[in-house]
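# Observations on chain architecture
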Amino acid sequence: MKSKNLSENILRSVKSKGFKYIDLPSVIEADHIVQRSGENFRKFIFSFIDQNGSELCLRPDLTIASCLRYLENNLKGKEKIFYSGQAYRKSQNKKDSIIRNQIGFEILGSKDEKNDDKEIINTSLKSLQNLKYSSGTLTIGNVEIFKLLISKLEIPARWKLRLLRHFWRDEYFNDLLKRLETNADIDPTVVAVDKKKYLDLLKQDPTTMIAGRSIGEILKRFNTKIKDPRTASKGKKVSKIIRSFLKIKCPINNAAKELNKFFKKNKINLVVDQKYFPISNNKVSKLNVMFSTSFGRQLEYYTGMVFKIDIKSNSKMTNCCSGGRYDGLISDLGSQKIIPAVGAAFNL
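In short, a report on the structure. (Residues numbered from 1 in each chain as written. Predicted model: local features only at pLDDT ≥ 70, side-chain atom pairs only at ≥ 80, totals over all residues. Heavy atoms only, no water.)

Attention now goes to the pairing of strand β12 (residues 287–292). Of the strand pairs in this sheet, strand β7 (residues 135–142) and β12 are connected by five bridges, and their pairing is parallel. Note that in β12 the partner of Thr139 across the bridge is Met290. For strand β10 (residues 249–251) and β12, the ladder comprises three bridges, and the chain directions are antiparallel. The residue of β12 that forms the bridge with Pro251 is Met290. Bridging between strand β11 (residues 283–284) and β12 involves two bridges; their strand directions are antiparallel. Residue pairing in the sheet places Lys283 in a bridge with Asn288 of β12. Once β11 ends, the chain turns through two residues before running back antiparallel as β12, passing Ser285 with a positive phi of about 55 degrees. (Pairing = 2+ DSSP bridges. Helix = DSSP H or I, 4+ residues; strand = E, 2+ residues; numbered from the N terminus.)

Core analysis: the largest hydrophobic core is formed by 84 residues, its most contacted members being Leu163, Ile242, Phe277, Phe307 and Ile309. Filtering out sequence-adjacent residues up to four positions away, Ile242 remains in contact with Phe146, Ile150, Leu153, Leu163, Phe173 and Leu177. Ranked by size, the runner-up nonpolar core spans six residues in total, among them Ile22, Leu62, Ile81 and Tyr83. (Core = buried A, V, L, I, M, F, W, Y, C linked by side-chain atoms within 4.5 Å. Buried < 20%, exposed > 50% of the residue type's maximum accessible area, 1.4 Å probe, protein only. Contact = heavy atoms within 4.5 Å.)

Our focus in this paragraph is the side chain of Ser331. Among the secondary structure elements, Ser331 is positioned in helix α12 (residues 329–332). Engagement of the side chain of Ser331 in a polar contact is seen with the backbone oxygen of Gly328, the distance being 2.9 Å. Here Ser331 is in contact with Lys337 and Ile338, once residues within four sequence places are set aside. (Polar contact = N/O pair within 3.5 Å; in protein donor to acceptor, adjacent residues only side chain to side chain.)

This part is about the sheet that holds strand β2 (residues 27–29). Strands sit in the order β2-β4-β3 across an open sheet of three strands; the sheet is antiparallel. Each having just a single partner strand, β2 and β3 (47–49) make up the two edges of the open sheet. Direction aside, neighbouring strands of the sheet carry axes that sit 35 degrees apart on average. As paired strands, β3 and strand β4 (residues 55–58) are joined by three bridges and run antiparallel to one another. Following the sheet pairing, Phe48 is matched in β4 by Leu56. (Axes fitted to C-alpha atoms, helices over the stretch in contact; angles between N-to-C directions.)

A few words now on the state of the cysteines. A complete count under the given rule lists zero disulfides for this structure. Left without a disulfide partner, Cys321 is nearest to the cysteine sulfur of Cys320, which lies 5.8 Å away. Note on Cys321: relative accessible area 0%, which makes it buried. (Disulfide = S-S within 2.5 Å.)

This part takes up helix α11 (residues 255–265). Taken together, the buried positions of α11 are Ala255, Ala256, Leu259, Phe262 and Phe263. Each buried residue of α11 sits inside an arc of 130 degrees when the element is viewed along its axis, so together they form one side. Structural note: α11 exposes Lys257, Lys264 and Lys265 on the side pointing more than 90 degrees away from its buried face. Phi turns positive, to about 55 degrees, at Lys267, one or two residues after α11. (Arc of directions from axis to C-beta.)

Scanning the model with the defined rule gives 10 salt bridges in all. One salt bridge in this structure joins Lys308 and Asp310, with 3.4 Å as the shortest N-O distance. One connected set of salt bridges, linked through shared partners, spans Lys20, Arg69 and Glu79. (Salt bridge = Lys/Arg side-chain N within 4 Å of Asp/Glu carboxyl O.)

This brings us to the packing of aromatic side chains. In total, this model carries 14 aromatic pairs according to the counting rule given. Taken together, a centroid distance of 5.2 Å and an interplanar angle of 75 degrees make the contact between Tyr21 and Phe82 edge-to-face. Pair noted here: Tyr21 is in strand β1 (residues 20–21) and Phe82 is in strand β5 (residues 79–88), with a separation of 61 residues, a long-range link. Given the relative accessible area of 39%, Tyr21 is considered partly exposed. A residue is classified by how much of its surface remains accessible, and Phe82, at 4% relative accessible area, is buried. On the basis of an interplanar angle of 50 degrees and a centroid distance of 5.7 Å, the ring pair of Phe245 and Phe262 is categorised as tilted. Highlighted residues: Phe245 in helix α10 (residues 232–245) and Phe262 in helix α11, separated in sequence by 17 residues. By the burial criterion, Phe245 is buried, and Phe262 matches it. One aromatic cluster is present, formed by Phe146, Phe167, Trp168, Phe173, Phe245, Phe262 and Phe263 through successive ring pairs. (Phe/Tyr/Trp six-rings, centres within 6.5 Å; stacked < 30°, edge-to-face > 60°.)

Okay, here's the thing in structure tokens:
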């Protein structure tokens, strides 16, 4: 009963902020999930084949289901919606539940980015009043700042794309930074071997397949490396800059100051204004408000502002709410246009 009352109170709170309730399908096409998150994500979904041979799955994420609804119904313009329900996802940790009860709310199709970001956070804070807690932390990050930083670094374009693509894969991302530090891929011995292979491949049929790629594709990549080389000293410098950037963590009112100090120290042509952040107060209600450059690497579809709220109740810290901006998600699912989107969800 307590859980039901809590859910109803949060739903009323969200509705009072002008959000419209919608129902979401429990079953969606698996291709939408796999194409967006990769084949590696397949092991986390509950899928099956229907009578027509199509692969379907239980929704592993309410946000994706909501964005699919916006796309498939060919909706236009701004929409403020909220929903509740269960998401189903397998976990590698046997102690984790495969069913996640959530209440989500989103603003889709609006171009008023900064005000929408603030509204989603403020709606989360108002709904938080329904929970009993003694203290907590609101952590804010922004994936866009990392992307801007990468764009300014003196490394080949292929390495910039690689770092952006794998930012979400913590372990593999660290491996990439180690490669930049050690410069193993530009070791003279390795380069000499690669050059010999390159010359050998030039003599072969470009349509021949090797390990899933045609010789033509492999040669194209070799040519890119030759035309856009990376020096050993720059690799070490860039890796150091990225690691240093991801360590920035401070009260939110110092975010712009700390970032600009970092940019100036590393001679990076970027400046951030404090107004860039949706909140500048270090304390909101019982929450300490922090900024973190490394926060936001949990979900690949985030494109800008990200946040989470952790609360302390009965001496235990719990993540109760998280969200952010995902402007590229609806286009990744099939839209011909970029549809602005920001939202959050309470984990019940």
